Amino acid sequence: MAHQPRRQSFSGPLPGGATNNDLAWPFGKLDAIDRDDNRETAYEIFFTACRSSPGFGGRNALTFYSSHEHGNGDGPGSPGSPSGRVNGVVTTPTSRIKRALGLKMIKRARSRRMSSMSFGVSGGGSTTPSSPVHHHHSHGLSNNFPFSTVPATRARRPMTSAEIMRQQMKVTEQSDNRLRKTLMRTLVGQMGRRAETIILPLELLRHLKPSEFNDSHEYHIWQKRQLKILEAGLLLHPSIPLDKSNPFAMRLRKIICGSDTRPVDTGKNSDSMRTLCNCVVSLSWRSTNGNPTDVCHWANGFPLNIHLYVALLQAIFDIRDETLVLDEVDELLELMKKTWSTLGINRPIHNACFTWVLFQQYVATAQMEPDLLGAAYAMLAEVATDAKKPDREASYVKLLSSMLTVMQNWAEKRLLNYHDHFLRGTIGGIENLLSLALSVTKILGEDLRITEGEGKEKGDFMVVESTIDRVDHYIRSSVRNAFAKIIENGNFKSATMEVRDQEASEALLQLAKETEELALRERECFSPTLKRWHPVATGVAAVTLHQCYEVVLKQYLAGTAMLNSEVVGVLQRSGKLEKTLVQMVVEDSEECEDGGKGIVREMVPYEVDSIIMRLLRQWIEDRLKRGKELLNKAKETETWNPKSKSEPYAQSGVELMKLAEDIVNDFFEIPIGIIDSLVFDLADGLDLLFQEYCTFVASRGSKQNYLPTLPPLTRCSRASAILKFWKKASPCNVGFEHVHQVGSMEGHHARPSTSRGTQRLYIRLNTLHYILSHLHSLEKTLTLSPRVVSSTRNRSMSNNKRQSSSSSYFENTHESIQTACEHLSEVAAYRLIFLDSNSVFYESLYVGDVTNARIRPTLRTLKQNLTLLTAILTDQAQALAMKEVMKASFEAFMMVLLAGGSSRVFNRSDHEMIEEDFDSLKRVFCSCGEGLISEDIVDREAEVVEGVISLMGQSIEQLIEDFSIITCETSGMGFIGTGQKLPMPPTTGRWNMSDPNTILRVLCHRKDRLANQFLKKSFQLAKRR
């Protein structure tokens, strides 16, 4: 056992009642008998048993022999005799018991108890001191105990054992004198009478009269105490079972009940006294078999006898410092042995009670004297020996089990939470308490149960938990409790259960710090001691803390679906804590047989990196989900109205790119190294989002929605009805254009005809270019961020996973934007030409005749529309949009020539005017804007139209010949035989001068007799009406 010096002395009475500092009383309760009653009765029994000893009234001194010196085998708690004793006075006390139990001698002046020398008559006429007082070095005891004192001038001598016991048991001189007188009266002529034959309470009731007390009330209280003792020993807790119908018991019970209200008359001629004596004597001298007995049984029933004996044993502690055992303990225990026959005590019971008293005193004195705990542990060796004896009584086993269970519970309560009970100044005490707890557990598990044979009938033995398992349990439990206390004292519970913000993260960071400090304190303070019983004490503590923190971390992460800098900080700190704990386990288990594999397997890794990766992916999914929600909202609410003139693009596009930029910026603000595979995942998600948005922006039909339906082919007569009509309607040669202009077209005040719908298409184009302009900054951020680290993950180009920094993260988006811009530009152009400008272009150009319906009004409106186009569209969108308007205009011009319907007829002589008008149309696009469309592009796009115009300048004969040849070639006929007709060429829409359908349409619109005959003969085409 480890020894620690006492930090300070403990002085004061033991707490009353059955519990001392949460230590339960294991020996049962006595109703109506308090601690003072026990103590006074115990002293009376002790004095009666020792009456023949020196100092108690006896003439001859006892002869003591040290069993330790002569080797009689008695244990450390066995009564023995100190050397240097003369006539009951210990002159130079040297305690064998204290040496054996590891208790220090007091060795101070006040331990030499002194008494004034006064002479009086007592007992058998011997001279004995009657008024012991303290040495002048004692401190204020006159205030605490009712001892009489004598003048300091009187001579002093060492105190006798009787005086020491009276002082230790706080018995007044008056009570002591009454006891002496009673014994002198009782034992007149019977000095050899044995103590176990004396019914002491009865003798005291018989011989002490009310006149010997200060007043009747004091006598009544004293009498009730004696009757309560008799009731407890004879009626409530008899050593020999008592029949409830026993007449003596019934009479005695009646007398005792009556004494509560008034004292029992104890006079010689009193009937109640005679009845009391008869009942008590009859009940006390009973035997188990009915045969006569030489011992009376009034104080040897359990638990009365244990209460009384423990009260005696408590007297060995110095009343001036109750953490100390008197140096005279050997003599006092030897004297107490004389009470065994009266109280039914034997050596095993004495050893158990003495162990309990030492342990109880350690607890009652605030555990300030570790030597007391060491002494209790030393006595357990004697108890273990007694417990193994085969002739144990059942009552002893019950008593011992109850006592050891209480000791075990008290010790384990502290060992299961040793971090709270053993602070820095008292850490060494854990070794003493652990030794005692393990010894108690061993006795309870092995000595009391296996040897009892509880399992032998079944052919097996009771399995006892090993020492390592017990210590393992203590470590894990205490570490868990210490961790729980950190949780309770901190802000961790509310943070993990309710709050999901910075406060929770800070709480987890602080918890990790305190957990690591707890682990290091465990290794430094407790593990060196616990390692004596457990080879990997530090490892067990580290594993337990790892598991405890894991629970809190999981609670925290359960409410943390997304990753942020606070969560990353918590996870990184958790990873650091885990590394520290794992290192502690590894270092502590180096000498284990399995190299610590078993204990390490208990540590389920936090997998911080995997959690961060999972949360990162969840973070990416959540942000992309927000983008998807924004896109869905745009599909429902977007009106394609610009934010302002300075910001001519849709609000949804601005919000989408703002969200994308925030996502990328927030992504790289997460304080971890981000592997490139995650960057690709984020870029791919954004890429898909942008593509879907581009598809949404471009979802405005096609040019086919705006192309007019082709009129049926007819042949022109020489004087068609419509021509006659226009000639009659315009005798003054008024131009046709004035009839069909929408709005006021006079002078140069033409207005643009661009509709709101077309303008919204321009906003869509601007929005696409706005997105395109912001993709570069996103690319730059994703590519150049220093937070990106390489991963081993293979990403192929076929899956849009770029392997070189030169490839674009948003290559698909670039392609989608390009496609969408081309589509929207085309749709906007055809809407502008065939819907918005239809009245001044397709519906009016060359209607009636060429001369009166030239292209000039159309060009004025077109220029205004192009001016508005350049005003709305951003610079990047203008070139493509202008080109598409040009293509749509050229197609509209060609449709006027080839599919103008019955309102248009052409002569060969119109060729030059048409060619001139088309050149004017070309110049509009060459001159519009600052080089938006180069002349080469205009010329290239105009080639087809110019080819068609050239057909209109050819003769009918040439047209018919070319048509016949090309039709035969394309149809596969080769040549036309006799009786065969030319097939009708299909309308492909790809008109050009080599297309038979194009030549046919030129013929249909030619006002010529030969053409009319050819069409009628070859295809039976209807004549225009």
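For the structure, see preceding data.
Everything quoted here is computed from the prediction, not taken from an experiment. (Residues numbered from 1 in each chain as written. Predicted model: local features only at pLDDT ≥ 70, side-chain atom pairs only at ≥ 80, totals over all residues. Heavy atoms only, no water.)

A separate point is the overall build of the protein chain. Assigned secondary structure in the protein chain consists of 38 helices and eight strands. For the protein chain, with 1025 residues in total, the buried portion stands at 54%. Put simply, 78% of the contacts in the protein chain that link residues at least 6 apart link residues at least 24 apart. For the protein chain, the computed accessible surface area is about 47000 Å², with 50% contributed by carbon and sulfur atoms. (Helix = DSSP H or I, 4+ residues; strand = E, 2+ residues; numbered from the N terminus. Buried < 20%, exposed > 50% of the residue type's maximum accessible area, 1.4 Å probe, protein only. Contact = heavy atoms within 4.5 Å. Areas by Shrake-Rupley, 256 points an atom, 1.4 Å probe, with all protein chains shown as cover.)

This paragraph deals with a nonpolar patch on the surface. A cluster of nonpolar side chains, namely V582, V586 and V600, defines an oily patch on the protein surface of about 180 Å² accessible area. With a relative accessible area of 40%, V586 lands in the partly exposed category. (Patch = residues over 30% accessible without salt bridge, like charges linked within 9 Å, V, L, I, M, F, W, Y side chains within 5 Å. Salt bridge = Lys/Arg side-chain N within 4 Å of Asp/Glu carboxyl O.)

Taken as a whole and judged by the stated rule, the model has 38 salt bridges. K104 is paired through a salt bridge with D371; the nearest N and O atoms lie 2.3 Å apart. With a gap of 267 residues between them, K104 in the loop between α3 (96-101) and β3 (114-116) and D371 in helix α15 (residues 370-388) connect regions that are remote in the sequence. Notably, a salt bridge pairs R470 with E412, separated by 2.1 Å at the nearest N-O pair. Of this pair, R470 sits in helix α19 (residues 467-489) while E412 sits in helix α16 (residues 394-415); the two residues are 58 residues apart in sequence, bridging distant segments of the chain. We classify E412 as buried; its relative accessible area is 12%. Members of the salt-bridge network, linked through shared partners, are D22, K413 and R414.

Turning next to the nonpolar core. Counting residues in hydrophobic clusters, the biggest one holds 284 residues, and the most contacted among them are M336, F893 and F925. The dominant element in this core, judged by the number of residues it contributes, is helix α33 (residues 875-898), at 14 residues. Not counting the four nearest positions on each side in its chain, F925 is found in contact with L862, L866, M882, V885, M886, S889, F890, I933 and V938. (Core = buried A, V, L, I, M, F, W, Y, C linked by side-chain atoms within 4.5 Å.)

Our next topic: empty space enclosed by the protein. One simple way to see leftover space: roll a probe sized like a water molecule over the atoms. All told, the structure shown has three cavities of 30 Å³ or more when counted by the stated rule. Here the largest cavity is characterised by a volume of approximately 40 Å³. Taken together, I45, T48, A49, A195, I198, L200, W298 and T342 make up the full set of residues lining the largest cavity. If you tally residues by element for the lining of the largest cavity, the top one is helix α1 (residues 35-49), at three residues. Taken together, the residues of the lining of the largest cavity break down into six nonpolar, two polar and no charged. (1 Å grid on protein atoms, 1.4 Å probe; cavity = no way out; pocket = protein on both sides within 12 Å on 5 of 7 lines; lining within 4 Å. Points joined across faces, edges and corners; volume = space filled by probe spheres on them. Nonpolar A, V, L, I, M, F, W, Y, C, P; charged D, E, K, R; others polar.)

Our focus in this paragraph is the packing of aromatic side chains. According to the stated counting rule, one finds 28 aromatic pairs in the structure shown. Ring geometry for F680 and Y809: centres 5.6 Å apart, planes at 45 degrees, overall tilted. Residue F680 is found in helix α27 (residues 676-697), and its partner Y809 is found in the loop between β8 (788-789) and α31 (811-836); the two are separated by 129 residues along the sequence. You'll find F680 and Y809 in the same group, each marked buried. Here the aromatic cluster, defined as three or more aromatic residues joined through ring pairs, consists of W25, F27, W356, F359, Y362 and W410. The ring of Y842 carries the charged tip of R904 above its face, separated from the ring centre by 5.4 Å. (Phe/Tyr/Trp six-rings, centres within 6.5 Å; stacked < 30°, edge-to-face > 60°. Lys NZ or Arg CZ within 6 Å of the ring centre and 35° of its normal.)

A few words now on the side chain of R180. Along the chain, the position of R180 falls in helix α6 (residues 173-186). One polar contact links R180 to D176, side chain to side chain, over a distance of 2.8 Å. (Polar contact = N/O pair within 3.5 Å; in protein donor to acceptor, adjacent residues only side chain to side chain.)

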